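# Inside the fold
Listed below are the residues making up each chain.
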Amino acid sequence: MKIRIDLENIIKEKNVSKNSICLNCKMQRTQLNNYCKSKITKVDLQVLARLCAYLECTPNDILKLEE
């Protein structure tokens, strides 16, 4: 099994700019892009919490389990 990060779809659904997310969640653009492309191997729980708070969603909305 593999965990996929579905952040790109949530950003589109919420119609929020990546620049706004970076500013409000205290992230670098490269870091956000890596999350969007599911290119990270370790999820920073503080970053995940800030993303969830700003996007008004839960970790279950962002992290998807795939077989």
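Quantities reported herein were computed from a predicted structural model and do not represent experimental measurements. (Residues numbered from 1 in each chain as written. Predicted model: local features only at pLDDT ≥ 70, side-chain atom pairs only at ≥ 80, totals over all residues. Heavy atoms only, no water.)

## A word on a nonpolar patch on the surface
- There is a patch of nonpolar side chains on the surface, built from Met1, Ile3 and Leu65 and spanning about 400 Å² of accessible area.
- Topologically, isoleucine 3 is positioned in strand β1 (residues 2-5). (Patch = residues over 30% accessible without salt bridge, like charges linked within 9 Å, V, L, I, M, F, W, Y side chains within 5 Å. Areas by Shrake-Rupley, 256 points an atom, 1.4 Å probe, with all protein chains shown as cover. Salt bridge = Lys/Arg side-chain N within 4 Å of Asp/Glu carboxyl O. Helix = DSSP H or I, 4+ residues; strand = E, 2+ residues; numbered from the N terminus.)

## Details of the pattern of salt bridges
- Throughout the structure, instances matching the rule amount to three salt bridges.
- Of the charged contacts, one joins arginine 4 and aspartate 6 as a salt bridge, the two residues approaching to 3.1 Å between their closest N and O atoms.
- Overall, the relative accessible area of 13% leaves aspartate 6 in the buried class.
- One salt bridge in this structure joins lysine 18 and glutamate 8, with 3.5 Å as the shortest N-O distance. Here glutamate 8 lies in helix α1 (residues 7-14) and lysine 18 lies in helix α2 (residues 18-25), a separation of ten residues in the sequence.
- Among the residues examined, lysine 18 registers a relative accessible area of 17% and is labelled buried.
- Where salt bridges share partners, they join Arg4, Asp6 and Glu66 into one cluster. (Buried < 20%, exposed > 50% of the residue type's maximum accessible area, 1.4 Å probe, protein only.)

## Let's talk about the nonpolar core
- Within the largest apolar cluster, 18 residues are counted, with the highest numbers of intra-cluster contacts made by Leu7, Ile21, Met27, Leu32, Tyr35, Leu51 and Ile62.
- Breaking this core down by element, the ones donating at least two residues are α1, α2, α3 (29-36) and α4 (45-55).
- It is α4 that provides the largest number of residues to this core, a total of five residues. (Core = buried A, V, L, I, M, F, W, Y, C linked by side-chain atoms within 4.5 Å.)

## Some words on the state of the cysteines
- Under the defined criterion, the tally for this structure stands at zero disulfides.
- Free cysteine cysteine 52: the closest other cysteine sulfur is in cysteine 57, separated by 4.3 Å. (Disulfide = S-S within 2.5 Å.)

## Considering α1
- Within α1 the residues assigned to the buried category are Leu7, Ile10 and Ile11. Mapping the buried residues of α1 onto a view down its axis gives an arc of 100°, with all of them on the same face. α1 presents Lys12 and Glu13 as exposed residues on the side facing more than 90 degrees away from its buried surface.
- Its buried side turned inward, α1 meets β1, α2, α3, α4 and α5 (59-62).
- Just downstream of α1 lies asparagine 15, where phi reads positive at about 55°. (Arc of directions from axis to C-beta. Contact = heavy atoms within 4.5 Å.)

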